[in-house]
Amino acid sequence: MTNDRLPLAELMAKADDGDFLRSVAESVLQILMEADVEGVIGAARYERSGERATYRNGYRERALDTRLGTLNLKIPKLRTGAYFPGFLEPRRTAEKALVAVIQEAWIAGVSTRRVDDLVQAMGLSGISKSSVSKLCKDIDERVSSFLQRPLTGEWPYLWLDATYLKVREGGRVVSVAVIVAVAVTTDGRREIVGLHIGPSEAEIFWTDFLRDLVKRGLTGVKLVISDAHESLKAAIRRVLGATWQRCRVHWTRNALAYVPKAHQTMVAAGLRQAFQQPDQAAARASLSHFADQLHNRWPKLKVFVDDSLDDVLAYMSFPAQHRTKLHSTNPLERLNKEIKRRADVVGIFPNEDSIRRLIGAVLLEANDDWQLQHRYMQIEGMAELATPMINPQALAITPQAS
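Read on for a plain summary of the structure. Every chain's residues receive numbers from 1 upward, in the order its sequence appears when written. Totals for whole chains, interfaces and linings use every residue, but because this is a predicted model, local features are given only for residues with pLDDT of at least 70 and side-chain atom pairs only at 80 or more, for both listing and counting. The basis for every side-chain value is the complete set of non-hydrogen atoms in the structure, without hydrogens or water.

## So, the overall build of the protein chain
The line we're drawing: Helix and strand definitions here come from DSSP, where helices need a minimum of 4 consecutive H or I residues and strands a minimum of 2 consecutive E residues; each element is numbered from the N-terminal end. Buried residues are those whose accessible area, probed at 1.4 Å on protein chains only, stays under 20% of the maximum for their type, while exposed residues exceed 50% and partly exposed ones sit between those limits. Note on contacts: a residue pair is in contact if any heavy atoms of the two residues lie within 4.5 Å. Only the protein chains shown count as cover for residues, and all accessible areas are computed by the Shrake-Rupley method using a 1.4 Å probe.
The helix and strand inventory of the protein chain stands at 15 helices and 8 strands. Considering the protein chain as a whole, with its 402 residues, one finds that 45% of them fall into the buried category. A sequence separation of at least 24 residues applies to 67% of the contacts in the protein chain between residues at least 6 apart. Counting every atom, the protein chain has about 21200 Å² of accessible surface; 50% of that belongs to carbon and sulfur.

## Re the environment of alanine 202
Structurally, alanine 202 can be placed in the loop between strand 5 (190-198) and helix 6 (203-215). Sequence spacing of alanine 202 and glutamate 230 is 28 residues, and the spatial spacing of their C-alpha atoms is 9.2 Å.

## A short note on the pattern of salt bridges
Let me state the cut-off plainly: In what follows, salt bridge is the name for a side-chain nitrogen of Lys or Arg lying within 4 Å of a carboxyl oxygen of Asp or Glu.
Taken as a whole, this structure holds 12 salt bridges when the rule is applied. With a shortest N-O distance of 3.7 Å, glutamate 34 and arginine 45 are connected by a salt bridge. Note that glutamate 34 is positioned in helix 2 (residues 20-41) and arginine 45 in the loop between helix 2 and strand 1 (56-66), a separation of 11 residues in sequence. Of the charged contacts, one joins lysine 302 and aspartate 306 as a salt bridge, the two residues approaching to 3.2 Å between their closest N and O atoms. Here the residue lysine 302 and the residue aspartate 306 both occupy positions in helix 11 (residues 299-312), the gap between them amounting to 4 residues, near one helical turn. With a relative accessible area of 15%, lysine 302 lands in the buried category. Using a relative accessible area of 37% as the deciding quantity, one classes aspartate 306 as partly exposed.

## As for helix 10 (residues 280-293)
Formally: Residue count minus one, scaled by 1.5 Å, sets the expected span of a helix. Within this analysis, the arc is defined by the directions that extend from the helix axis to the C-beta atoms.
The terminal C-alpha atoms of helix 10 lie 20 Å apart, and with 14 residues this matches the ideal 20 Å at 1.5 Å per residue to within 8%. If you check which residues of helix 10 are buried, you get Gln280, Ala283, Leu287, Ser288, Phe290 and Ala291. In an axial view of helix 10, the angular spread of the buried residues amounts to 160°, which keeps them on one side of the axis.

## So, the packing of aromatic side chains
The test is simple: The rule is short: rings of Phe, Tyr and Trp, with Trp giving its six-membered ring, pair when the centres are within 6.5 Å, and they are stacked under 30 degrees, edge-to-face over 60, tilted in between.
Inspection of the entire model under this criterion finds 7 aromatic pairs. For the ring pair tyrosine 157 and phenylalanine 318, a centre distance of 5.9 Å and an interplane angle of 65° mean the geometry is edge-to-face. In this pair, tyrosine 157 is assigned in strand 3 (residues 157-169) and phenylalanine 318 in the loop between helix 11 and helix 12 (333-346), connecting sequence segments 161 residues apart. An aromatic cluster is present here, built from Tyr157, Trp159, Phe318 and Tyr376 joined pairwise through their rings.

## Quick look at the packing of helix 8 (residues 248-256) against helix 9 (residues 264-275)
This is how the line gets drawn: Between N-to-C directions, angles span 0 to 180 degrees; the directions come from axes that are lines fitted to C-alpha atoms, helices contributing only their stretch in contact. In this scheme, a crossing is called left-handed if the near helix is turned counterclockwise away from the far one by less than a right angle; it is called right-handed if the turn is clockwise.
Close contact between helix 8 and helix 9 brings their axes to 10 Å; oriented N to C, the two are set at 140°. Every pair of crossing elements has a handedness; the one defined by helix 8 and helix 9 is right-handed. On helix 9, the residues touching Arg248, Trp251, Thr252, Ala255 and Leu256 of helix 8 are Gln264, Val267, Ala268, Leu271 and Phe275.

## Here's the deal with the pairing of strand 3
Under the convention used in this document: Being paired, for any two strands, means DSSP has found at least two bridges between them.
With 13 bridges joining them, strand 3 and strand 4 (residues 172-184) adopt antiparallel strand pairing. Each residue of the ladder has a partner; that of leucine 165, found in strand 4, is valine 176. Counted between consecutive antiparallel strands, the loop separating strand 3 from strand 4 contains 2 residues, among which glycine 170 sits at a positive phi close to 60°. Of the pairings in the sheet, the one linking strand 3 to strand 6 (residues 223-226) comprises 3 bridges and is parallel in character. Residue tryptophan 159 lies in a different strand from strand 6, and its bridge partner there is isoleucine 225. Pairing of strand 3 with strand 8 (residues 348-349), which is carried by 2 bridges, proceeds in the parallel orientation. Among the inter-strand pairings, valine 167 is bridged to a residue of strand 8, identified as phenylalanine 349.

## Notes on the side chain of arginine 216
Heads up, the rule is: Charge counting treats Lys and Arg as positive and Asp and Glu as negative, with His and both chain ends excluded.
Its place among the elements puts arginine 216 in the loop between helix 6 and strand 6. No salt bridge forms around the buried arginine 216; measuring N to O, its nearest opposite-charge neighbour aspartate 212 is 4.2 Å away. Excluding its chain neighbours within four sequence positions, the residues that come into contact with arginine 216 are Phe146, Leu147, Gln148, Arg149, Pro150, Leu151, Val193 and Gly194.

Printed below as a string of structure tokens:
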């Protein structure tokens, strides 16, 4: 087995050096890796053994930043297979992007005490512009390739949702909308198809975003699920010509805003009862009847329901197997939480490029994870979309909604 006496003896000889603790840490970790890789190989160095599975093939250097300073480690390489020590974490793209954004904020002169604490907590003893530039270039190339990739096939369902982040712009701190687009293919698999940053209130913002998706190959969109934005609805009608589904969760919150808090539980139960109907006609009748009953007490609720009835029930004209995932933007909830978790570490982004770098890296990793999972939607329901089961006049965006 590995002879660990020699490196330990050398460490004792360096006991008076200023870097003694750092040298001890380096040597201990190196000893651990050598012993670990011998177990993987099935034999010690130069040992002849019938249990040997492979051979050594040199080392690759890896720097580990700690509070003791930067440890220079040599990770053993194998001729066949791979080895990575368990005490080290693979550097995922999003983690690199997070470090790059914090470093960029530091260099740009917008650092705060919080950023300072974060950098020190990561064990970074120094930040050089060249290292930041190299790291950012690598991440930007991967993120750009992912976000601009061609889209092939048809994408019947499209979800759009916005998350607001703070960024420095012209010496001020402003909020920008980070729009994430998720779509499902005809074989039932979902993918992240786009990311856009800008003011969500402007119709030209939504129009440019949707046109860019179409230019990259987004076709066959039959239903778009999002929150209620007048400019977005106009862009959907102009660019995609698809049916629009108003997020049922946000719609319910808006409806309850017309009801005193003491009665909201009762009204919410009545709304849920309407959504549990087996088809769109029954749901429409149930919801209209419920609003009529409450007309005398809360007339504004009646008007709201009548004006938005078609928008919130559009999903019920699509295959029943898919409806649980079509009525709201909730399928993006976990993704948005991860975006906010990573963004909260930064706080205020130095520029929009840093937002694209970090959020794009998070989306890239999430998309890779999705590809390893089962189909997001049943493929049997996709066959129903090929038949003329949907009445275009009933599902078109109504004049009141647009």
